[in-house]
Amino acid sequence: METITPNIEIRSVVAQCLRTLTTSAENKDVITALQTLQSYLDEGSDSRIPSVQRAEFRRVHFTRTLRFLVSNIQADWVHSLKAQQRKELWDGLFLKGPADQTLLVLMEGIGELRPSINLDHLISITERFLQNGGLAELLWSYCLETGPSDSPQLRETLQGRIVGLPDLLANKLQLNNKPLFLPQQYYPLLATEILSALENVCQALRNGTDCSLTFVAQVLGKVCVQGQSALVFSEMAPRLSIHTRSDMVWQRVCWKLLQDVPQRCMESVLTGLVQSVSRPDILGRIIGNIVLTNKKAQFVITHKLLLLQYKYETRVLRVLLGYLAADRERRPLLIQVLRAVSQAWANPSAVKHTPIEQQLYVSKALLLSVNLLDDSELHQLQSDLLQCMLGGMQSHLDSSVVRIRHMGMVVGECLSSRMDISETKLKFEYDQDDETRELLSLMTAHSDDESDPEPVSRSESPKVTNEIPPPVPNKLPQNNLSRQPDPDLDSDDELTPYDMSDDQEMSAASPPRYLRDCLETLISSEDPMRVELSLIAAEDLVRKNVFAAREISVELTKVLLHMENKYNLNNFLVLRQATMVALTVIDCIPVTQYLTTEFYSLNYSLRQRLDMLEVLVFAARELSSPVSEKRDPSVGVAATGSSGLSPYVNDKPVDWRQEVEKRIQSKTRRLRKGVTQPAPEATPNRYAPVAGHFFFPLLRNYDRPQVTFDLLGSDHLVLGRLIHTLGVFMHLAVNAPVATQMGRALLDFVWSVRYHVDQTVRRGVLFAVCSLLMSVNSQNLLADFGDQLFETRSWLAGRPLTLGNKNSFLQHNGMWLKQTLMEIVEIWPFKVWCCWIRV
């Protein structure tokens, strides 16, 4: 019962803190809850939380707490914290807890979030996690194995996050990736963290504490398998060479590390290590006699790197063969390698069918191996080498390739001089080049006087950081430094007060830089300042981030349509409408389909239906207008956040040719000028291809009355606005291919309401008919609208009994109708109208 009570207590405390963060609106309560959660992560004797509860919180409740923070990163209580408070309390929960859980939750949150300020926040925490040695702490925790045994699946997932972090973040951030997450910086950092963990292991072993290197070896193997062995061992090999020079504990740790590398990763690890070391003794100190205990390592070193692959430098061959010859237990493998290499070099089929580069590589391996033999081993292999020399020279000299013949001659000379048969040496005549000189140099003893580099301590090693160093202040002149200020001149009474009447109070919240931040703020935020800033920035973000706007266009339109001005914001309706218009222009078809469908849906007020029509009208007008300003869709939001100041006029560079031309034009007198302005450039009509999406869905369900909406009944205002909107769509579709179909559908719709009792509806009908007559091609007008035009003529002529009883429609609108018809007569051919119009 004593062990259950602390678990119940800490569970209730954590639940109460999370409940407070969810429901409380007081900044003081939020800070208290975060401080309570962070107290369970404080280490040391001064912590007021018992160690049992701290361990239970880390084991059970830490991941749950971090996931809660990530899921509520957009909440108002997070943004109400000051920058320093957020860094200490919110970010501190990530950086003080178990490193493995922190990394998993951060990578999970980054994978779920879209580009937003919240994603930038998690990215900054991940940067601090890496810079503060989080990976070293993670690796060291698995070396101790003090916690409960986890599942192999969890370890595999964690190793994948550690090794694949650059790829995961590059896919997520794309062009906005951070320098720390690039492979050129991340994998050397990972190698430094592995060395730090190994250093802790060595210290623990000296103190009598058992450690495990399985997790570190698996991480190292996975990194090398993914092709990053060069970056890792370029950092690790020099440090391991120094540490293993005189420290036996470091040697045993390195040997154990290589033994624990998975078999599928052994080739990648050994290949990267062999290419990074400079001398055979260094390789021997690091890997020990693993070539004798591990079959995979033996195959890679004695066969694959010597006979199957030939892309390595001569230095790699010296390191491999010197490593085999350096120890008495490994020398039998050197003799085995020599026999295999001599057979491959003397094989006639190999001379004919293998690349010249591979034959050169095998020749180097043969000469280096022979040079490493002592007299007794040479006497033991004399018959094999003599057979190799005679058969191989014959095959090489019979070749038609000059390089192969020279290769056989050089190897034959070197073998005969090394074996010293009957004190006779072979000598051939050939032109020496770089290849032959290199082969001849392999028979001389190679002395490497290269000294190991000095070790670099962790405290002195350069840290990868993205911080910009502070600018160095300019040095003042010597006379200014020596000059002392006069105390009589230091009087505040003579200073003129600065005019601060036009100063504005700086906002505590910053405007959003991502469109998804605007969406989340408008959905969930209760802060009036954040909502207003999101509304102000929404339209500009939509137009500058085309791809991001198309992803959430319908969702953002839905939120804006249902949004109410509950905070009494200035220009609320204007900002909301401008954003919806921008969304309709950017992602025309989906947004238009949503608005036209929702126009006849239930549970909408008349104001919302009128807003839909206004948004569609403004969007159609913008699409039909020529593009006056070319926008680059690829320009991101980062460019808007750099500075809000407009450039000074004099800072704009002016080409000298333009300046000279301007002066010539100002001093030149011309008697006659031609066209002073260039003709306007023709641009495609963006509205014509999508005109049907604006027009036809609005005619779909107009005759179906709803519970809250009766278009042909009592809702006269919406009907008149709908007819006017359709007339606008018809007018903007001039010369469009779909204009004829739109005109026929519009005439059928308005013909049934041309004698409506409401004057607004009748005016809308007249506007729609005039838009039809002005938009449809005159050549097709009589052919497509023959019967309807004659009925329209009678209706336009007007009869008081049919147009209205109280106030004659023509009496009130006769002048406007006459002017409209006169404009139509001027535009269209006179013969077409004279045959049927009589005003």
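It should be emphasised that the depicted structure is a prediction, and the values quoted were computed from it without experimental measurement.

### Side note on the overall build of the protein
From N to C terminus, the protein includes 44 helices and 0 strands. Among the 839 residues that make up the protein, the fraction classed as buried is 45%. In the structure as shown, the protein presents an accessible area of about 46600 Å², 52% of it carried by carbon and sulfur atoms.

### A few points about the pattern of salt bridges
Summed over the entire model, instances satisfying the criterion amount to 29 salt bridges. Across the salt bridge formed by R339 and D384, the nearest N and O atoms sit 3.3 Å from each other. Placement of the pair is R339 in helix α20 (residues 331-346) and D384 in helix α24 (residues 382-397), with a sequence separation of 45 residues. Its relative accessible area of 31% is what places D384 among the partly exposed residues.

### Looking at a nonpolar patch on the surface
There is a patch of nonpolar side chains on the surface, built from W656, V660 and I664 and spanning about 320 Å² of accessible area. Here W656 shows up in helix α35 (residues 656-667).

### Description of the nonpolar core
Ranked by size, the top nonpolar core spans 146 residues in total, and within it W77, I162 and I287 carry the most contacts. Here this core gets 11 residues from one element, more than from any other, and that element is helix α11 (residues 183-206). The residues that make up this core include at least three from each of domain 1 (1-132) and domain 2 (311-431). When sequence neighbours within four positions are dropped, the list of residues in contact with W77 reads L21, V30, L34, F68, L69, N72 and W90. Grouped together as the second largest cluster of nonpolar side chains are 80 residues, A537, C588, V615 and V617 included.

### Some points on the packing of helix α14 (residues 248-259) against helix α16 (residues 280-287)
Axis separation between α14 and α16 bottoms out at 6 Å; the angle between their running directions is 75 degrees. Looking at the two axes, α14 sits roughly perpendicular to α16. Between α14 and α16, the contacting residues are Q251, C254, W255 and L258 on the first element and G284, R285, I286 and I287 on the second. When the residues that make up the contact of α14 with α16 are grouped by side-chain class, the tally is 5 nonpolar, 2 polar and 1 charged.

### Here's the deal with the packing of aromatic side chains
One pass over the full model with this rule turns up 9 aromatic pairs. Consider the rings of Y142 and F215, whose centres lie 4.1 Å apart with planes at 15 degrees: the pair is stacked. Residue Y142 is located in helix α8 (residues 134-144), and its partner F215 is located in helix α12 (residues 214-225); the two are separated by 73 residues in the primary sequence. Of the residues examined, F215 reaches a relative accessible area of 1% and is grouped as buried. The interplanar angle of 75 degrees and the centroid separation of 5.3 Å between the aromatic rings of Y186 and Y187 together place this pair among those described as edge-to-face. Pair check on accessibility: Y186 and Y187 agree, each one buried. Through a chain of ring-to-ring contacts, the aromatic side chains of Y40, F57 and F62 assemble into a single cluster. When the ring centre of W751 is taken as reference, the NZ or CZ atom of R754 above it lies at 3.9 Å.

### Side note on the side chain of N118
Looking at the element boundaries, N118 is found in helix α7 (residues 117-131). Residue classification places N118 among the buried residues on the basis of a relative accessible area of 2%. Not counting residues within four places of it along the chain, the set of residues in contact with N118 comprises I73, Q74, H79, L113, D517 and E520.

### Some details on the packing of helix α28 (residues 515-524) against helix α31 (residues 553-562)
Viewed as axis vectors pointing N to C, α28 and α31 meet at an angle of 35 degrees, and their least axial separation amounts to 10 Å. Judged by the twist between their axes, the crossing of α28 over α31 is left-handed. Between α28 and α31, the residues in contact are L515, L519, L522 and I523 and E555, L556, V559 and L560, respectively.

### Thoughts on the side chain of S229
Position of S229 relative to the elements: it lies in helix α13 (residues 229-243). Leaving out residues up to four positions away in the same chain, S229 has contacts with V223, C224, S234, S268 and G272.

### Some points on α16
Most of α16 sits out of view: 6 of its 8 residues are buried. Those residues of α16 not exposed but buried are I282, L283, G284, R285, I286 and I287. Elements that come into contact with the buried residues of α16 comprise α13, α14, α15 (266-276), α17 (290-293), α18 (295-308) and α19 (314-325). Positioned one or two residues after α16, G288 has a phi angle of 65 degrees, which is positive.

### Quick look at the environment of R330
With respect to the helices and strands, the residue R330 is situated in the loop between α19 and α20. What makes R330 buried here is its relative accessible area of 7%. Considering only alpha carbons, one finds R330 and N289, 41 residues apart in sequence, at a separation of 7.6 Å. The contacts of R330, once residues within four sequence positions are left out, are G288, N289, V291, L292, Y323 and L324. Within polar-contact distance, the side chain of R330 engages the backbone oxygen of Y323 at 2.8 Å.

### Describing the confidence of the model for the protein
Here the protein averages 80 in pLDDT, and 78% of its residues register 70 or above. Between residues 630-652, whose pLDDT stays under 50, and residues either more than four places distant or in other chains, the model counts 12 contacts. Scored below 50 in pLDDT, residues 799-839 shows 45 contacts in the model against residues more than four places distant or in partner chains.

### Some remarks on helix α37 (residues 716-732)
Given a rise of 1.5 Å per residue, 17 residues ought to cover 24 Å, and the 24 Å separating the end C-alpha atoms of α37 matches this to within 8%. Judged by how many residues are buried, α37 sits mostly within the fold: 12 of 17 residues are covered. Buried within α37 we find V718, L719, G720, L722, I723, T725, L726, G727, V728, F729, M730 and L732. Residues of α37 that are buried make contact with α34 (606-624), α36 (691-695), α38 (739-751) and α39 (759-775).

### Here we look at the environment of Q665
Here Q665 lies in helix α35. A residue is classified by how much of its surface remains accessible, and Q665, at 37% relative accessible area, is partly exposed. A distance of 2.8 Å separates a polar atom in the side chain of Q665 from a polar atom in the side chain of E661.

### Overview of unusual backbone geometry
For N568, which is not glycine, the phi torsion reads 55 degrees and is therefore positive. Among the structural elements, N568 can be located in the loop between α31 and α32 (572-586). What makes N568 exposed here is its relative accessible area of 64%. Even without being a glycine, N735 presents a positive backbone phi close to 65 degrees. Structurally, N735 can be placed in the loop between α37 and α38. Among the residues examined, N735 registers a relative accessible area of 69% and is labelled exposed.

Parameters at a glance
Residues numbered from 1 in each chain as written. Predicted model: local features only at pLDDT ≥ 70, side-chain atom pairs only at ≥ 80, totals over all residues. Heavy atoms only, no water. Helix = DSSP H or I, 4+ residues; strand = E, 2+ residues; numbered from the N terminus. Buried < 20%, exposed > 50% of the residue type's maximum accessible area, 1.4 Å probe, protein only. Areas by Shrake-Rupley, 256 points an atom, 1.4 Å probe, with all protein chains shown as cover. Salt bridge = Lys/Arg side-chain N within 4 Å of Asp/Glu carboxyl O. Patch = residues over 30% accessible without salt bridge, like charges linked within 9 Å, V, L, I, M, F, W, Y side chains within 5 Å. Core = buried A, V, L, I, M, F, W, Y, C linked by side-chain atoms within 4.5 Å. Domains from an automatic or database assignment. Contact = heavy atoms within 4.5 Å. Axes fitted to C-alpha atoms, helices over the stretch in contact; angles between N-to-C directions. Parallel < 35°, antiparallel > 145°, perpendicular 65-115°, else oblique. Nonpolar A, V, L, I, M, F, W, Y, C, P; charged D, E, K, R; others polar. Phe/Tyr/Trp six-rings, centres within 6.5 Å; stacked < 30°, edge-to-face > 60°. Lys NZ or Arg CZ within 6 Å of the ring centre and 35° of its normal. Left-handed = near helix turned anticlockwise from the far one by under 90°. Polar contact = N/O pair within 3.5 Å; in protein donor to acceptor, adjacent residues only side chain to side chain. pLDDT = per-residue confidence, 0-100. Expected span 1.5 Å × (residues − 1).

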